[in-house]
Amino acid sequence: MKDAREDILGLMPHEIVKRLQEMGEQAFRGKQVINWLYKGVISFEDMTNLSKATRKKLEDKYIIGSVKLLEKRISKNGDTIKYLCLLADHNIIECVVMKYNYGNTLCLSTQVGCRMGCSFCASTKQGLVRDLEVGEMMAQVVMANTHIKQTDERGIRNIVLMGSGEPLDNYSNVIKFLRLVNHPEGLNISYRNITLSTCGLVPKMKRLAQENIPITLSISLHAPNDELRKKIMPVASAYSVDEIIEAGKYFFEKTGRRVTFEYSLIDRLNDNVYDAKELASKIKGFPCHVNVIPINEIEDMPYKRSSESRIKVFVQTLKTLGVQVTRRRELGQDIEGACGQLKRSYLDSLDK
Ligand code: SAH
């Protein structure tokens, strides 16, 4: 049964202070609670500078981040850690920490499952189960940050919304989460260090541009034209490549932040030289970035990753045509680091 108590991790700092004041406490008590929460404390009992009575009052009304760590997997070279988390309603989500030289990056989930139906993505196989609450997204950050800080004082510096789910399909919760994670009294993670990835929900991209949240917008394009895109992404029937690029330009104009186009290479499907040329012509003159990554082969899917030589030619073609392109590092392959893979293998093992 769903816990009737509210998740305190989903509240903004000023909301927490107000709630404590409503309980007859002074404002600084709210600040103490906030401190504990972001230090990773998961029980009010452990907030030892509050009176027993206050702890009890909090306990009666609130829970702290309803996410429980089920399992963690660390890649052989230690640069990727994948966390499998149990939600209060027994759904399972996952998040991944990737260690880069410039800081630790957390890739988190915004929904249980996804309804976008991209044919190469494991997260969408069972469709959308539900949206994640603000506190459930925060809990992923606090949990990973606390765990990483045990061995690395830098903690989590960057966040990418690239786990399971389509962030713009859970719009209001994601917006509140972004404001909360950026809050100076909270984790204070700079918007510049946050990337939101979308399959291209055009109206929501435009709305996001107006929120005054200058994050990096990453657009999963994966094809230079609608015909090809429709073969792999059902959302392509709702919004055209041209509209998506226009929305990307609008985001850039409004926020001054460069957008990134994600392009996963599938052998002989979207990795031809003429695809690279078409992509280059579509984004010509737009100061953006293209991130190329070979598709991660997933069970029951007909796609193969492109050969090294085809990847190189694709990237080189874009470069020659003046596109700023990088090949994304593939981390955590040995721990099933790609979208939805760990969760699926965990669930499969339970079935057996
Ligand atoms: N729904 C959002 C964010 C989640 S997916 C989006 O579509 O952008 C994060 C990125 O991983 C997207 O670019 C997505 O297209 C890509 N992706 C999903 N499955 C993949 C796979 N098997 N191999 C490579 N990239 C994949």
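Now for a look at the structure at hand. (Residues numbered from 1 in each chain as written. Predicted model: local features only at pLDDT ≥ 70, side-chain atom pairs only at ≥ 80, totals over all residues. Heavy atoms only, no water.)

### Concerning the overall build of the protein
In terms of helices and strands, the protein carries 11 helices and 14 strands. Since a compact globule built from 352 residues should have a radius of gyration of about 20 Å, the 21 Å found for the protein is in line with a globular shape. Taking the principal axes of the C-alpha coordinates as reference, the protein spans close to 70 × 50 × 35 Å. Burial status across the protein gives 58% buried among its 352 residues. Sequence-distant contacts, at least 24 apart, represent 66% of the contacts inside the protein between residues at least 6 apart. Surface accessibility of the protein: about 16100 Å² in total, with carbon and sulfur atoms responsible for 49%. (Helix = DSSP H or I, 4+ residues; strand = E, 2+ residues; numbered from the N terminus. Rg over C-alpha atoms; globule rule 2.2 N^0.38 Å. Buried < 20%, exposed > 50% of the residue type's maximum accessible area, 1.4 Å probe, protein only. Contact = heavy atoms within 4.5 Å. Areas by Shrake-Rupley, 256 points an atom, 1.4 Å probe, with all protein chains shown as cover.)

### Overview of unusual backbone geometry
The phi angle at Asn212 is positive, at roughly 60°, despite the residue not being glycine. By the element assignment, Asn212 lies in the loop between helix 6 (202-209) and strand 11 (216-220). Under the relative-accessibility criterion, Asn212 is labelled exposed at 65%.

### Let's talk about the pairing of strand 12 (residues 260-265)
Among the 6 residues in strand 12, 6 count as buried, and that is most of the element. Side chains of strand 12 alternate between two faces, with Thr260, Glu262 and Ser264 and Phe261, Tyr263 and Leu265 buried alike. Bridging between strand 11 and strand 12 involves 3 bridges; their strand directions are parallel. What sits directly across from Ser220, in strand 12, is Glu262. Where strand 12 meets strand 13 (residues 289-294), 6 bridges bridge the pair, whose relative direction is parallel. (Pairing = 2+ DSSP bridges.)

### Topic: the environment of Arg19
Tracing the chain through its elements places Arg19 in helix 1 (residues 13-22). Under the relative-accessibility criterion, Arg19 is labelled partly exposed at 23%. In this view, Arg19 contacts Glu6, Leu11 and Tyr62; residues no more than four positions away in its chain are not counted.

### Looking at the site of the ligand
Surrounding the ligand, one finds 19 residues, the nearest of these being Phe120, Ser197, Ser220, His222 and Asn296. Side-chain polar atom of Ser220 to an oxygen atom of the ligand: 2.6 Å apart, as the coordinates give it. Summarising the interface, the protein chains cover 93% of the accessible area of the ligand, which totals 530 Å² for the free molecule. Of all the secondary-structure elements, those providing two or more residues to the shell around the ligand are strand 10 (194-198) and strand 12. Looking at the shell around the ligand, its residues break down into 9 nonpolar, 8 polar and 2 charged. (Near = heavy atom within 4 Å. Polar contact = N/O pair within 3.5 Å; in protein donor to acceptor, adjacent residues only side chain to side chain. Nonpolar A, V, L, I, M, F, W, Y, C, P; charged D, E, K, R; others polar.)

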